[in-house]
Structure formats: structure tokens, C-alpha cells
Amino acid sequence: MKEYRFFTCKTENRIAQVIYERPPVNAMNGEAYGEMAKVFEEISNERGVRCVILRTKGRGFVGGNDVDEIAAHTRENHSAYQEVVGAAVMAVKNCKIPVIAMVQGYAIGSGMLIALACDLVVAGEKAWFALPEISLGIVAGMSFAMNDLPEKLVHYMCLTGNRVSAKELWNHGAVNLVTNAEELEQKTLEIAGKVAGQPPRTVKSYKECVKKEYNRRSEEFFRMETAYTRKLLETDEKKECLQAFYEKRTAVFPD
């Protein structure tokens, strides 16, 4: 595999581990999204790999989008940036090889969407998920979540920005296994080993079969989110959201 700035990969026993690291909180930026798309397009055709584990280094999985890049978005450049984001998430979802997300700590915003784009999710017992984009004046987060979670739970997460535990998402079927931190890697590898032992052509056919309609709906929803957010850019409301974030205060909106 090629060398990347934010991603590394190691393969053992037909299991590839794709590792993302971008301190301090593993936030995603345009370059990282571009790399993610290339990594998963490459590994999708890697001979000898039968399962992929997507994991990160640090105290959390992915801390959402880099707010400094969000602050620089305009109506002219937002759609192009979202194309990069969408290509990365869909590269994970369209990977010909099953992908398991190993989530420790937090999965915020796009971090939650990346986890949900994987075929399976294994999370630490203290892991939590959140979709706080609305606090930044952005319409985002529901495009992939709506396919895996009840509508009312998605509304709750998107409208409040409140975090939800891995255990609660497990109750709703969006997380496959919740385990203690000490066993997280071991349990993930056990599941990956089970997947890797299945007939590879049949597994690839399975993925192609079940994802076609699912992916089409997700992509359409994602483009709708992008269109609505584009309308909100450069408004006073959006500027207040970002200013409040940087000043670590509660945003104030006029009636």
C-alpha cells in the first residue's frame, strides 16, 4: 500500500487494519478525507485481504470535521468539499471487503457516520456517539444515521447534539458488540477472523447485493443535506454559531 500522511495499514492473517491518526482529536479535514477514499479504494482490490478493521490511535475514534475548515466554507466551495467527504464515506461503504469499525472513546459528527458506513461496529463500553452539527449552523448527520437508527433517535441526536452511549446504540442495532476497553481489540479481531474465514467470493457477492439500494438512498440524502447547508452559509446565524464555538460560550440568536 502507498504511504499516506494520516493513514497506515498492516495486514496479518488476511485481516487488514487501517489506522487513522490526526492529533489531537482525530478530526477530519479535506486531506484526510481524500486519503481515506484512496486507502479504501486501494484495499478494496487488495489480494489476500478478507476483512478490514478501521481503527484510530488516541483517546477517541474520530472527532468530527476540523472546525477551522468549516469556518472557511462559502457557498462557492462548500459543495466541492462535501463531494470529497461523500467520496470518502462511500469508499468505506462500497469497499468490496467487509469493514469493521473499532470505536474507542468518542465518534462525533462525521466520525459517527464513518463508523456507520462500516459493515460492523465494535465499541468500547465507555464509547459515545454524537451528531452536534446543528450547533455549528450545519444541516448534516442524518443521511447515514437514518438508515441504521430509529427516526426519533436521529432527531434527538441532531436537534440537541447530545451524546448517546454505545450501549444505547447497541440496543437499537447500530452497534454489534460493546465490550470493555481491555478486550476491545481482541474482540474485534475475533469477529474479523470469523469474517475472514468465510468464502471470499460469496462475501463479496453478499456486499454487492445488500448495499445497492441502501447506498443510493444514502447518497441522495447526503446531497440534500449539502444543498440545505449551502443556503445557510454566510448567514449571521452561521457566523454566530462559529464565534460561540471558538469563544466557548452559548450561541445567542435573535427572535
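Summarised in this report is the structure supplied together with it. Along every chain, residues carry numbers that run from 1 in the direction the sequence is written. In keeping with the model being predicted, local features are shown solely for residues with a pLDDT of at least 70 and side-chain atom pairs are shown and tallied solely at 80 or more, while totals for entire chains, interfaces and linings include all residues. Only hydrogens and water are removed before side-chain values are computed, so all heavy atoms of the structure are retained for them.

1. A word on the packing of aromatic side chains
For step 1, the next point in the chain: The criterion for an aromatic pair is that two Phe, Tyr or Trp rings (for Trp, the six-membered ring) have centres within 6.5 Å, with stacked assigned to planes under 30 degrees apart, edge-to-face to planes over 60 apart and tilted to the rest. One pass over the full model with this rule turns up five aromatic pairs.
For step 2, the next point in the chain: Between the aromatic rings of Phe7 and Tyr20, the centroid separation amounts to 4.8 Å while the plane-to-plane angle is 35 degrees, which identifies the pairing as tilted. Note that Phe7 is positioned in strand S1 (residues 7-12) and Tyr20 in strand S2 (residues 15-20), a separation of 13 residues in sequence.
For step 3, the next point in the chain: An angle of 55 degrees between the planes, with centres 6.0 Å apart, marks the rings of Tyr106 and Trp128 as tilted. Taken together, the residues Tyr106 in strand S5 (residues 106-108) and Trp128 in strand S7 (residues 128-130) connect sequence positions 22 residues apart. Each helix is a run of DSSP H or I of at least 4 residues and each strand a run of E of at least 2, with the numbering of both proceeding from the N terminus.

2. Topic: the pattern of salt bridges
For step 1, the next point in the chain: A side-chain nitrogen of Lys or Arg and a carboxyl oxygen of Asp or Glu constitute a salt bridge if their distance falls within 4 Å. If you walk through the whole model with that rule in mind, you get seven salt bridges.
For step 2, the next point in the chain: Residues Arg5 and Glu31 are paired through a salt bridge, measuring 2.9 Å at the closest nitrogen-oxygen approach. One end of the pair, Arg5, is in the segment before S1; the other, Glu31, is in helix H1 (residues 30-43), with 26 residues separating them in the sequence.
For step 3, the next point in the chain: One salt bridge in this structure joins Glu247 and Arg249, with 2.5 Å as the shortest N-O distance.
For step 4, the next point in the chain: Exposed residues in this analysis have more than 50% of their type's maximum accessible area, buried residues have under 20%, and partly exposed residues fall in between, with area computed by a 1.4 Å probe over protein chains only. With relative accessibility at 33%, the residue Arg249 sits in the partly exposed group.
For step 5, the next point in the chain: Connected through salt bridges with shared partners, the residues Glu240, Glu247 and Arg249 form a single ionic network.

3. Some remarks on the sheet that holds S1
For step 1, the next point in the chain: By definition, two strands form a pair when at least two bridges between them are found by DSSP. Within the open sheet, the six strands sit side by side as S1-S2-S3-S4-S6-S9. Their pairing is mixed. At either end of the open sheet lies a strand with only one pairing partner, and these are S1 and strand S9 (177-179). Each adjacent strand pair in this sheet contributes to an overall mean axis angle of 20 degrees, direction not counted.
For step 2, the next point in the chain: With six bridges connecting them, S1 and S2 associate as antiparallel partners. Residue pairing in the sheet places Glu12 in a bridge with Ile15 of S2. All axes here are fitted lines through C-alpha atoms, helices being fitted over the stretch that makes contact, and every angle between N-to-C directions spans 0 to 180 degrees.

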